[in-house]
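So the chains spell out like this:
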Amino acid sequence: MTGKILISACLAGLPVRYNGSAKPLLHEAVDRWRAAGRLVTLCPELAGGFAVPRPPAEIENGLDGDDVLDGRARVLEISGGDVSAAYIEGARIALDVALAHGCRHALLIDGSPSCGSGFVYDGSFSGVRHVGKGVTAALLRRNGIAVYSDGQLDALARDLAETA
């Protein structure tokens, strides 16, 4: 299988998270995919116009990225600023990049209001998380791209092996 995989830039080791850190994903499969030129690295938040560092943001009221895309929720900075439009724009750019590169799979950092695929934070900025997805993960899934979290790397490797 030679298909491309969209990967969160922070998982690829780039210091692009809201606090200027990275979350490099150390795994032989990622090393193999990188060496084969299969990884397409992108940070949807930077693509949407944010800088590093930036204020933390969460999806309000315990909702998720589908709710943001459908206009039922907002992504708010800790100060209360509504940054939903930038998150939606970053998600659209991520989708365009994924489609342009033929990515049928994405490997995204969990917990992020853009990239979370298993959980996101509830909007209270108190560390409470719930099952849900971020804006980018939701848009990718709506468009047929399989989204995996950093905790699902082995499942992604198995699924890619099965489709080879």
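Look up: the structure comes first, before these words.
In this report, we go over the structure that sits alongside the text.

Before going further, it helps to examine the environment of Asp-64. One can find Asp-64 in the loop between strand E3 (57-59) and helix H3 (65-69). It is 14 Å that separates the C-alpha atoms of Asp-64 and Phe-125, two residues lying 61 residues apart in sequence. Filtering out sequence-adjacent residues up to four positions away, Asp-64 remains in contact with Ile-59, Val-120, Gly-132 and Lys-133. Polar contacts involving the side chain of Asp-64 include one to the main-chain amide nitrogen of Asp-66, which spans 3.1 Å.

The next point concerns the environment of Pro-24. Within the element layout of this structure, Pro-24 appears in the loop between strand E1 (5-8) and helix H1 (28-35). With 126 residues separating them along the chain, Pro-24 and Asp-150 place their C-alpha atoms 9.8 Å apart. Discounting chain neighbours no more than four positions away, the residues touching Pro-24 are Cys-10, Leu-11 and Gly-13.

Ranked by size, the top nonpolar core spans 45 residues in total, and within it Leu-6, Trp-33, Val-75, Leu-107 and Leu-140 carry the most contacts. Ranked by the residues each element gives to this core, the list is headed by helix H4 (residues 84-100), at 7 residues. With near-sequence residues (within four places) excluded, Leu-140 lies in contact with Leu-6, Ala-94, Leu-95, Ala-98, Ala-106, Leu-108, Ile-145 and Val-147.

This part is about the packing of aromatic side chains. Applying the stated criterion across every chain yields a total of 2 aromatic pairs. Aromatic pair Phe-50 and Tyr-87: ring centres 5.1 Å apart, planes at 55°, arrangement tilted. Linking Phe-50 in the loop between helix H2 (44-47) and E3 with Tyr-87 in helix H4, this pair joins segments that are 37 residues apart in sequence. Geometry around Phe-119 places Arg-129 over its ring, the cationic atom sitting 4.0 Å from the centre.

Closest axis-to-axis distance for the H1/helix H6 (residues 153-162) pair is 10 Å, and the angle between their directions is 50°. Taken together, the axes of H1 and H6 are oblique relative to one another. Listed contacts from H6 to Ala-29, Val-30 and Trp-33 of H1 are Leu-153, Leu-156, Ala-157 and Leu-160. When the residues that make up the contact of H1 with H6 are grouped by side-chain class, the tally is 7 nonpolar, no polar and no charged.

A separate point is the pattern of salt bridges. In the structure shown here, the tally under the stated rule is 10 salt bridges. Linking Arg-54 and Glu-45 is a salt bridge whose minimum nitrogen-to-oxygen distance equals 2.8 Å. Residue class for Arg-54 comes out buried when judged on its relative accessible area of 9%. Note on Glu-45: relative accessible area 8%, which makes it buried. Put simply, Asp-70 and Arg-142 hold a salt bridge, and the shortest N to O gap is 3.0 Å. Of this pair, Asp-70 sits in the loop between H3 and strand E4 (75-77) while Arg-142 sits in helix H5 (residues 135-142), and the two are 72 residues apart along the sequence. The partly exposed category is assigned to Arg-142, whose relative accessible area is 42%. Several salt bridges share partner residues, and in doing so they unite Asp-64, Asp-66, Asp-67, Asp-70, Arg-72, Lys-133 and Arg-142 into one network.

Calculation rules
Residues numbered from 1 in each chain as written. Predicted model: local features only at pLDDT ≥ 70, side-chain atom pairs only at ≥ 80, totals over all residues. Heavy atoms only, no water. Helix = DSSP H or I, 4+ residues; strand = E, 2+ residues; numbered from the N terminus. Contact = heavy atoms within 4.5 Å. Polar contact = N/O pair within 3.5 Å; in protein donor to acceptor, adjacent residues only side chain to side chain. Core = buried A, V, L, I, M, F, W, Y, C linked by side-chain atoms within 4.5 Å. Buried < 20%, exposed > 50% of the residue type's maximum accessible area, 1.4 Å probe, protein only. Phe/Tyr/Trp six-rings, centres within 6.5 Å; stacked < 30°, edge-to-face > 60°. Lys NZ or Arg CZ within 6 Å of the ring centre and 35° of its normal. Axes fitted to C-alpha atoms, helices over the stretch in contact; angles between N-to-C directions. Parallel < 35°, antiparallel > 145°, perpendicular 65-115°, else oblique. Nonpolar A, V, L, I, M, F, W, Y, C, P; charged D, E, K, R; others polar. Salt bridge = Lys/Arg side-chain N within 4 Å of Asp/Glu carboxyl O.

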